[in-house]
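# Breakdown of the fold
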Amino acid sequence: FQSISHELRTPLTLILNPLESLTQGAPVEDGLEMALRHTRRLLRLVNELLDFQRLSAGKKQIALEPVDMVRFCRICTDYFLTACSDKNIRFPVTVEGIPIEDARDGLAYVLANAEELEKVVFNFLSNALKFTPPGGIIEMRVQRHQRRFRLSVIDDGPGISEEGQKHVFEVFSQVDDTSSRRATGSGLGLAIA
């Protein structure tokens, strides 16, 4: 499985580099833009498969360091604010009850790996964005609970059935497996999270 994923990644990278070169600084045809977008998506999927394989095999080492949660939340906010705005979704973010725009750096630190924590939070926020209807709300909160912090993503989307909740973190699980499903995904994001 890991060997096949590696074999897929090499040609994808060789396809992606020229596509990115062709799209730099000039108007781009729709077909070329679509090819670039789908190649990036396929490469992300292959990388997710490799990450999951390493995690499952216990071969992925995660180095922990102090992470400033105010700065971390600002990065998340910057990344998702435009997408939320495009869907007319409110996106309040708070750290210890303080709106992110008013929170001072250093208010809350956690021992984590920022890159891995970002993957987890981006998976939660991406899912919230997929399922929150236009005009809705997605909230991200960091709140102290005794000697730990809890990071929560809350949205007013349709929610997950009780049966779906049993499977949401399984590999390749899609909670909405109907043919009319609106959102796409690999079914790996929450398993990795």
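Quick caveat: nothing in here was measured; it's all calculated off a predicted structure.

### Details of the overall build of the protein chain
Counting secondary structure elements, the protein chain contains six helices and six strands. Listing each helix as α and each strand as β along the protein chain from the N terminus yields α-α-β-α-β-β-β-α-β-β-α-α. Counting over 193 residues, the protein chain shows a buried share of 31%. At a minimum sequence separation of 6, the contacts of the protein chain that also span at least 24 residues come to 67%. Surface exposure of the protein chain reaches about 12400 Å², of which carbon and sulfur atoms provide 52%.

### What about helix α4 (residues 114–131)?
The end-to-end C-alpha distance of α4, which contains 18 residues, comes to 26 Å, matching closely the 26 Å that a straight helix rising 1.5 Å per residue would cover. Of all the positions in α4, only Glu-116, Val-121, Phe-122, Asn-123, Leu-125, Ala-128 and Leu-129 are classed as buried. Among the residues of α4, the N-terminal cap falls to Asn-113, whose side-chain oxygen and the backbone nitrogen of Glu-115 are separated by 3.1 Å.

### Notes on the sheet that holds strand β3 (residues 98–99)
With mixed pairing, four strands are arranged side by side in an open sheet as β3-β2-β5-β6. The open sheet is flanked by β3 and β6 (148–155), the only strands paired with a single partner. Pairing analysis gives three bridges linking strand β2 (residues 93–95) to strand β5 (residues 138–145), with the strands arranged parallel. If you follow Val-93 over to β5, its bridge partner there is Met-140.

### A few points about the pairing of β6
A regular strand places its side chains on the two faces of the sheet in alternate fashion. By the bridge criterion, eight bridges tie β5 to β6 in an arrangement that is antiparallel. Residue Arg-144 lies in a different strand from β6, and its bridge partner there is Phe-149. If you look at the hairpin formed by β5 and β6, you'll find two residues sitting between the two strands, and Gln-146 has a positive phi there, around 55°.

### Focus: unusual backbone geometry
You will see that Asn-88, though not glycine, has its phi angle at about 55°, which is positive. Summarising the element assignment, Asn-88 is placed in the loop between α3 (69–86) and β2. Positioned with a positive phi, Gln-146 is a non-glycine residue whose angle comes to about 55°. Of note, Gln-146 is situated in the loop between β5 and β6.

### Some words on the side chain of Thr-77
Summarising the element assignment, Thr-77 is placed in helix α3. Given a relative accessible area of 9%, Thr-77 falls into the buried group. Discounting residues that sit within four places of it in the chain, Thr-77 has contacts with Phe-91, Val-93 and Ile-100.

### Concerning the pairing of strand β4 (residues 109–112)
Burial along β4 is one-sided: the residues Val-110 and Ala-112 are buried and none of Tyr-109 and Leu-111 is. Relative to β4, strand β1 (residues 65–68) runs antiparallel, the two sharing four bridges. Residue pairing across strands places Val-67 opposite Val-110, the latter belonging to β4.

### Concerning the state of the cysteines
Considering all chains together, one arrives at zero disulfides under this definition. Cys-73 takes part in no disulfide bond, and the closest cysteine sulfur, belonging to Cys-76, lies 5.9 Å away.

### Notes on the nonpolar core
Formed by 26 residues in total, the largest nonpolar core has its most connected members in Phe-91, Val-95, Leu-125, Ile-138 and Met-140. Of all the secondary-structure elements, those providing two or more residues to this core are α3, β2, β4, α4 and β5. Considering every element that reaches this core, the biggest residue donor is α3, with seven residues. With near-sequence residues (within four places) excluded, Phe-91 lies in contact with Cys-76, Thr-77, Phe-80, Leu-81, Cys-84, Leu-125, Ile-138 and Met-140.

Cut-offs and rules
- Residues numbered from 1 in each chain as written.
- Predicted model: local features only at pLDDT ≥ 70, side-chain atom pairs only at ≥ 80, totals over all residues.
- Heavy atoms only, no water.
- Helix = DSSP H or I, 4+ residues; strand = E, 2+ residues; numbered from the N terminus.
- Buried < 20%, exposed > 50% of the residue type's maximum accessible area, 1.4 Å probe, protein only.
- Contact = heavy atoms within 4.5 Å.
- Areas by Shrake-Rupley, 256 points an atom, 1.4 Å probe, with all protein chains shown as cover.
- Expected span 1.5 Å × (residues − 1).
- Polar contact = N/O pair within 3.5 Å; in protein donor to acceptor, adjacent residues only side chain to side chain.
- Pairing = 2+ DSSP bridges.
- Disulfide = S-S within 2.5 Å.
- Core = buried A, V, L, I, M, F, W, Y, C linked by side-chain atoms within 4.5 Å.

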